[in-house]
Amino acid sequence: MKFRYKVLLINIVIISLAISVAGTVMMSRMTNLMIDEEIRNSVTENNLVQSVIEYSLLDLINNNPTRIGANLPEIANQVSAGILNENSELYISFEEDYIFTTDKETEQNSYKNIPDFTNTENTSSVSNVDYTKKYIIIEEGRNLFIYTSSFGLINDSPLRIVTRRDITGARDILNKNLNEMRIFMISMIALSGLLIYIISFLLTKPLEKLNRVTDDFAGGDFSIRSDIKTSDEVGLLSDKFNHMADSVEDHIDELNDMLRRRDQFVADFTHEIKTPMTTIIGYADTIRSVELPREDEVMAADYIFSEGKRLEQMSSHLFDLIYLKDGHVEKSKVNTLGLGEAVKETVMPAMLKKKIRLESHFDSASIIADSALLRTAFINLLDNARKASAEGSSISFYGEMNENSAGYRFVVEDHGIGIAPEDVNRICDEFYMVDKSRSRKEGGAGLGMSLVAAILKEHGATLKIESKLGVGTKMIVEFTTCNEEKTDNPTGE
């Protein structure tokens, strides 16, 4: 069931109960008020008839007490003609016998329809005094009557005066009003239901719109957004949905980019491993199947050796990358001076072989790091600088306190071929090489800078690249925190 129908049903039930209870109370009160009013009128009428008859009988008693029974019907007839309401009838009982009535039908049936006022269970008293006035309400056919009785003694003889008031007309008017009230209540419930439906439709329309947007989003349209702009909870829900959709779309873009990079990685890795394997297989097959001069055999073996070393370096870098992404790196306090000197000592043979002068100096400080991984990162940066530099040139490698950020930075600066601006942002991608022919000639596989980026990310360091074609490149590695220290015998551990 739709939410708007639930709202409609619940409100109709509540309104119906409220109107029914209020209407029942009101109708009951109206009925009681009508009955009470008719009882008062009937009692008042009976009192008036009793007073006039008893007053008339006083004169008769004084003049001729033996003629009371004979003259009472005449007195009652005169009183009824002048006092009784047109809807009322009068009954006179003297000495336990009814001797007068204005109701011709009752007179013909020997007063059998007159109720027995001596039975207190069927009557109600107006007061608690003995010989009080009593009344009883009786329904005869479709007519409703109030019988009121007053009792008295005349010369020690019982006199009962009964009046019957027809309240059928008042009851019919009341029933008509009650029926009109019922019709009015039903109409109000129907009108309220219609208004509630319209209001609930307007209130739930934004929710249905948001529901359609959600279905489209779940169907794969991740660019769709909700345009509901209200200041209530629905508007807040719309904003939350849009925020969620933005996050989901960003994650999906990241996943798609990761899948693209994975596919590209597999393709590049396959291509990169195919080239040295082709060279190794080709030269190995030549040595195996052809009798070559000693010089040619050495040259072939040299190619096989260099390509094998490149495969070894590629596998080592891949292992380090996987380790960094999936493993936990334990860090400890590392002295920057000792670290720099250890890196310098490692790369110096390669620098001397190419007749490159390595200039270095390091401020002594301590950083929290993994010494072996940082050595790998700086060795890769220096090796890239060596490959980009000409013979007889110089490379600077130094570490210093960063006064602006209270951190520490290592700098590797060469004066080689430089890097084009469009290559700077991609240089840390796996298998990306600025100059593929030169990189392969030098034994590179395009994994060095991606490994450097992963190591620095693990250490919370940043890499800044400043380069200009034909001028050279400066690689700046910045650590945000460090502790300056003095040491005479630094180590890289």
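In this text the structure is predicted, and so the values were computed from the model without any measurement.

Overview of helix 8 (residues 371-388)
Between its first and last C-alpha, helix 8 extends 26 Å over 18 residues, near the 26 Å set by a 1.5 Å rise per residue. Where burial is concerned, most of helix 8 is hidden: 13 out of the 18 residues are buried.

Observations regarding unusual backbone geometry
In this structure, E95 takes a positive phi of about 55° despite not being glycine. With respect to the helices and strands, E95 occurs in the loop between strand 1 (88-94) and strand 2 (97-101). Residue class for E95 comes out partly exposed when judged on its relative accessible area of 43%. For K355, which is not glycine, the phi dihedral falls at a positive 60°. Counting through the fold element by element, K355 comes out in the loop between helix 7 (336-353) and strand 8 (357-362). A relative accessible area of 61% places K355 in the exposed class.

Considering the confidence of the model for the chain
Mean pLDDT over the chain stands at 79; residues scoring 70 or higher make up 81%. Per-element averaging of pLDDT across the chain places helix 10 (residues 436-441) at the bottom with 46 and strand 8 at the top with 92. A low-confidence stretch, residues 489-493 stays under pLDDT 50, and its non-local contacts, those more than four residues away or across chains, total 15 contacts.

Quick look at the nonpolar core
Counting 35 residues, the largest nonpolar core has L374, F378, L382, F397 and F410 as its most contacted members. Taken together, the elements giving at least two residues each to this core come down to helix 7, strand 8, strand 9 (365-369), helix 8, strand 10 (394-402), strand 11 (407-414), helix 11 (448-458) and strand 13 (472-479). Among the elements that take part in this core, helix 8 stands out by supplying seven residues, more than any other. Every residue in contact with L374, bar those within four places of it in the chain, is listed here: L339, I367, A369, I455, L456, H459 and F479. Counting 18 residues, the second-largest nonpolar core is a separate cluster that includes A76, L84, F100 and I161.

Calculation criteria
Residues numbered from 1 in each chain as written. Predicted model: local features only at pLDDT ≥ 70, side-chain atom pairs only at ≥ 80, totals over all residues. Heavy atoms only, no water. Helix = DSSP H or I, 4+ residues; strand = E, 2+ residues; numbered from the N terminus. Expected span 1.5 Å × (residues − 1). Buried < 20%, exposed > 50% of the residue type's maximum accessible area, 1.4 Å probe, protein only. pLDDT = per-residue confidence, 0-100. Contact = heavy atoms within 4.5 Å. Core = buried A, V, L, I, M, F, W, Y, C linked by side-chain atoms within 4.5 Å.

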